[in-house]
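# Structural characterization, general
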Amino acid sequence: MAPSTSTDAPFGRMLTAMVTPFLPDGGVDYDGAARLATHLVDERRHDGLVVNGTTGESPTTSDDEKQKLLRAVIEAVGDRAVIIGGAGTNHTEHTLQLARQAETAGAHGLLVVTPYYNKPPQEGLIRHFTAVADSTGLPCMLYDIPGRAGVPIQNDTLVQLAEHPRIIAVKDAKGDLFGASRVMAETDLVWYSGDDVLNLPWLSVGAAGFVSVVGHVVGTELHEMIDAHLAGEHARALEIHRRLLPVVAAIMTRTQGAIAVKAALNLLGLPGGGPLRAPLVEAGPEFVAQLQEDLANGGVKVSEVAIPEVAR
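Residues numbered from 1 in each chain as written. Predicted model: local features only at pLDDT ≥ 70, side-chain atom pairs only at ≥ 80, totals over all residues. Heavy atoms only, no water.

Labelled according to an unreviewed UniProt entry, the protein appears under the name 4-hydroxy-tetrahydrodipicolinate synthase, originating from Actinomadura sediminis. One UniProt comment on the protein, placed under Subcellular location (unreviewed entry), says "Cytoplasm". Listed in UniProt under the heading Sequence similarities (unreviewed entry), the comment for the protein reads: "Belongs to the DapA family." (UniProt positions renumbered as here; feature names shortened; annotations may be inferred.)

## Observations concerning the packing of aromatic side chains
This model, assessed by the stated rule, comprises two aromatic pairs. Between Phe11 and Tyr192, the aromatic rings sit 6.4 Å apart at their centres with planes inclined by 55 degrees, giving tilted as the arrangement. With Phe11 in the segment before β1 (14–17) and Tyr192 in strand β7 (residues 190–193), the pair connects residues that are 181 residues apart, well separated along the chain. Judged by its relative accessible area of 1%, Phe11 falls in the buried class. Between Lys171 and the ring centre of Tyr143, over which it is positioned, the NZ or CZ distance is 3.9 Å. (Phe/Tyr/Trp six-rings, centres within 6.5 Å; stacked < 30°, edge-to-face > 60°. Helix = DSSP H or I, 4+ residues; strand = E, 2+ residues; numbered from the N terminus. Buried < 20%, exposed > 50% of the residue type's maximum accessible area, 1.4 Å probe, protein only. Lys NZ or Arg CZ within 6 Å of the ring centre and 35° of its normal.)

## Here's the deal with the UniProt feature "binding site: pyruvate" (unreviewed entry) in the protein
Look at the UniProt record and you will see "binding site: pyruvate" (unreviewed entry) annotated at Thr55 and Val211. Taken together, the annotated residues stretch across 157 residues yet fold into one region, lying no more than 11.1 Å apart by C-alpha. Tracing the backbone shows Thr55 in the loop between β2 (48–51) and α2 (63–77). Setting aside its immediate chain neighbours within four residues, Thr55 contacts Ala17, Met18, Val19, Thr20, Val213, His216 and Ala258. (Contact = heavy atoms within 4.5 Å.)

## Examining the UniProt feature "site: Part of a proton relay during catalysis" (unreviewed entry) in the protein
UniProt annotation of "site: Part of a proton relay during catalysis" (unreviewed entry) refers to Thr54 and Tyr117 when read in the numbering used here. With the annotated positions falling across 64 residues, the maximum pairwise C-alpha distance of 14.5 Å places them together in a single cluster. On the secondary structure map, Thr54 appears in the loop between β2 and α2. Residue classification places Thr54 among the partly exposed positions, given a relative accessible area of 27%. Apart from residues lying up to four places away in sequence, Thr54 is in contact with Tyr143 and Arg148. Those residues within four positions of Tyr117 in sequence are excluded, and the remaining contacts are Asn90 and Ala149.

## Some thoughts on the nonpolar core
Residues Trp191 and Ile251 are the most contacted members of the largest nonpolar core, which totals 82 residues. If you tally residues by element for this core, the top one is helix α12 (residues 257–268), at seven residues. If sequence neighbours within four positions are ignored, Trp191 has contacts with Leu158, Val170, Asp172, Ala180, Val183, Met184, Trp202, Ala207, Ala208 and Gly209. Counting 17 residues, the second largest nonpolar core, distinct from the first, contains Phe11, Val50, Val82 and Tyr143. (Core = buried A, V, L, I, M, F, W, Y, C linked by side-chain atoms within 4.5 Å.)

## Thoughts on unusual backbone geometry
A negative phi angle is the norm for most residues apart from glycine, just as the trans form is the norm for most peptide bonds. The amide bond that connects Ala278 to the next residue, Pro279, takes the cis arrangement and shows omega of 20 degrees. Take Pro279: it is sitting in the loop between α12 and α13 (285–297). Positive phi values are uncommon outside glycine, yet Arg45 reaches one of about 60 degrees. Positionally, Arg45 belongs in the loop between α1 (30–43) and β2. For Arg45, a relative accessible area of 36% gives the class partly exposed.

Here it is in structure tokens:
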């Protein structure tokens, strides 16, 4: 049973696409994932987490690892946070298998990315997403990210897909605020910002909340931004948005997100940092030094004991 959520924010409002911690030998650190999930939910005001998403390096984890990781996070925080399992691939049958696996593991919902690399037409997207939604009893959040997938989910396609009772939300990394406004006006689809640089603008046109990356380090502040906006305290929301600009720039604009987030978690002495799987590589000393400065400028305290020698 998923934690209680409102109809206008069915997956909660503040979510983060969680990194996957790895051990020095390359295996998944399931205990570390549980500790990170607990920190995000209990200390950083997360309503939910996305497990096995792109920031979780899902292209490099096996199906068995995905299931074990999902179970570890659900066991740690599933009674008090919405846990969404990333199930999307560019192969429909494999996606159906991952969707059913996530349901069996106890996920509360599915994140289904646009099939990437093979560039299906819109009819192919409709058939793909419909098949996934038909395959389980879980609510689905579509992930529209043409920069990675190669094709957008067109607005007319979203309007058609909204007719399915289990396709209820969109994580948007396309950035078409006007087009999305039309879809929100014509359907019951609930929008989530999937690009931290546009979090506040998305709220202004009706988004319910965020599926964030920078939420790993500023989840509480992002939740406060949402709360301020909903309370009509728009100047307060803008103040938070501007204060976090250095943090967003550091994590979202200078390198791949998982690389930046794991470097930030290392600086903060939090679980979840550490190695990445090839082809991703760990952040270099120059990036870490700049990241330390940006975090401080955004009000994030970095412990000196956590700063590697190369960054000092």
